[in-house]
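If you want the building blocks of each chain, they are given just below.
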Amino acid sequence: MGMDALLCSMSPKRLAMIEEDPEVLTELIEARHEGEIPGLLDLGNTWHALDIMFGDGKDDVLSDALVARNGKKLKAEAAHGKARMIGASRVAEIAKALNALPESLVTDRYASLYGKTVHGGYGQEMIAPDDK
């Protein structure tokens, strides 16, 4: 099983709860299967393919869009490391950068996944890098 990515908006109250009791993060992660959680986006294992198509961490702003590489590490920890938090001004930068991406990004860059180890195996069903 690969790593999943969850993006969740954090009110000061929700953030304080997670910082005070890191187990709240585990409860949040598990609750996503029981019903919709306002402000939570479950990317599953698609995050890795998207991250590669966004430039594989080379763009400082887009590298935060999916995995908050530059985010503040929280006390709460999940299976693959500490949760990270990015502030509102950084979220605004990310939103601007995402908005500037072409709508055809996935179509245009999907072939870049071919031959790479990608969580979920995305891009490996192609016969060749130029397969459409």
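Our structure's up above, just so we're on the same page.
Basis of the calculations
Residues numbered from 1 in each chain as written. Predicted model: local features only at pLDDT ≥ 70, side-chain atom pairs only at ≥ 80, totals over all residues. Heavy atoms only, no water. Salt bridge = Lys/Arg side-chain N within 4 Å of Asp/Glu carboxyl O. Helix = DSSP H or I, 4+ residues; strand = E, 2+ residues; numbered from the N terminus. Buried < 20%, exposed > 50% of the residue type's maximum accessible area, 1.4 Å probe, protein only. Core = buried A, V, L, I, M, F, W, Y, C linked by side-chain atoms within 4.5 Å. Pairing = 2+ DSSP bridges. Patch = residues over 30% accessible without salt bridge, like charges linked within 9 Å, V, L, I, M, F, W, Y side chains within 5 Å. Areas by Shrake-Rupley, 256 points an atom, 1.4 Å probe, with all protein chains shown as cover. Lys, Arg positive; Asp, Glu negative; His and termini not counted. Charge placed at Lys NZ, Arg CZ, Asp CG, Glu CD.

Asks: Please explain the pattern of salt bridges as it appears in this structure.
Replies: Side-chain pairs of opposite charge can arise where the charged atoms are in close proximity. Taken as a whole and assessed by the stated rule, the structure comprises seven salt bridges. Between Arg32 and Asp4 there is a salt bridge, with the nearest N and O atoms lying 3.2 Å from each other. Of this pair, Arg32 sits in the loop between helix 2 (23-31) and strand 2 (40-44) while Asp4 is found in the segment before strand 1 (5-8), placing the two residues 28 residues apart along the sequence. Since its relative accessible area comes to 16%, Arg32 is described here as buried. With a relative accessible area of 36%, Asp4 lands in the partly exposed category. Between Arg90 and Asp60 there is a salt bridge, with its nearest N and O atoms 3.3 Å apart. In this pair, Arg90 is assigned in helix 5 (residues 88-100) and Asp60 in the loop between helix 3 (46-53) and helix 4 (62-67), connecting sequence segments 30 residues apart.

Asks: Please explain the nonpolar core as it appears in this structure.
Replies: Most often, soluble globular proteins have nonpolar side chains that are buried together. In terms of nonpolar packing, the biggest core is built from 16 residues, with Phe54 and Leu113 touching the most fellow members. Looking at this core, the elements that each hand over two or more residues are helix 3 and helix 4. Here this core takes four residues from helix 3, the largest share from any one element. With six residues, the next largest nonpolar core counts Ile18, Val24, Leu25 and Ala76 among its residues.

Asks: Explain the pairing of strand 3 (residues 72-78) to me, please; I cannot follow it from the model alone.
Replies: Working note: regular strand, side chains alternate between the two faces of the sheet. Taken together, the four bridges between strand 3 and strand 4 (residues 81-85) define a ladder with antiparallel strand orientation. Looking at strand 4, one finds that Lys73 is bridged to Arg84. Where strand 3 folds back onto strand 4 in an antiparallel hairpin, the turn is made up of two residues.

Asks: Even after reading the chapter, I still don't get a negative patch on the surface, so can you show me in this structure?
Replies: Among the surface-exposed residues, Glu20, Asp21, Glu23, Glu27, Glu30 and Glu34 lie close enough to one another that they form a single negatively charged patch. The dominant element in the negative patch, judged by the number of residues it contributes, is helix 2, at three residues. Mapped onto the elements of the fold, Asp21 is located in the loop between helix 1 (12-20) and helix 2.

Asks: Where do I start with unusual backbone geometry in this structure?
Replies: In terms of backbone geometry, most residues other than glycine have negative phi values and most peptide bonds are trans. Backbone geometry at Asp56 places phi at a positive 55°, although glycine is not the residue there. Of note, Asp56 is situated in the loop between helix 3 and helix 4. Phi angles above zero are rare outside glycine, and Ala68 is one such case at about 50°. Among the secondary structure elements, Ala68 is positioned in the loop between helix 4 and strand 3.

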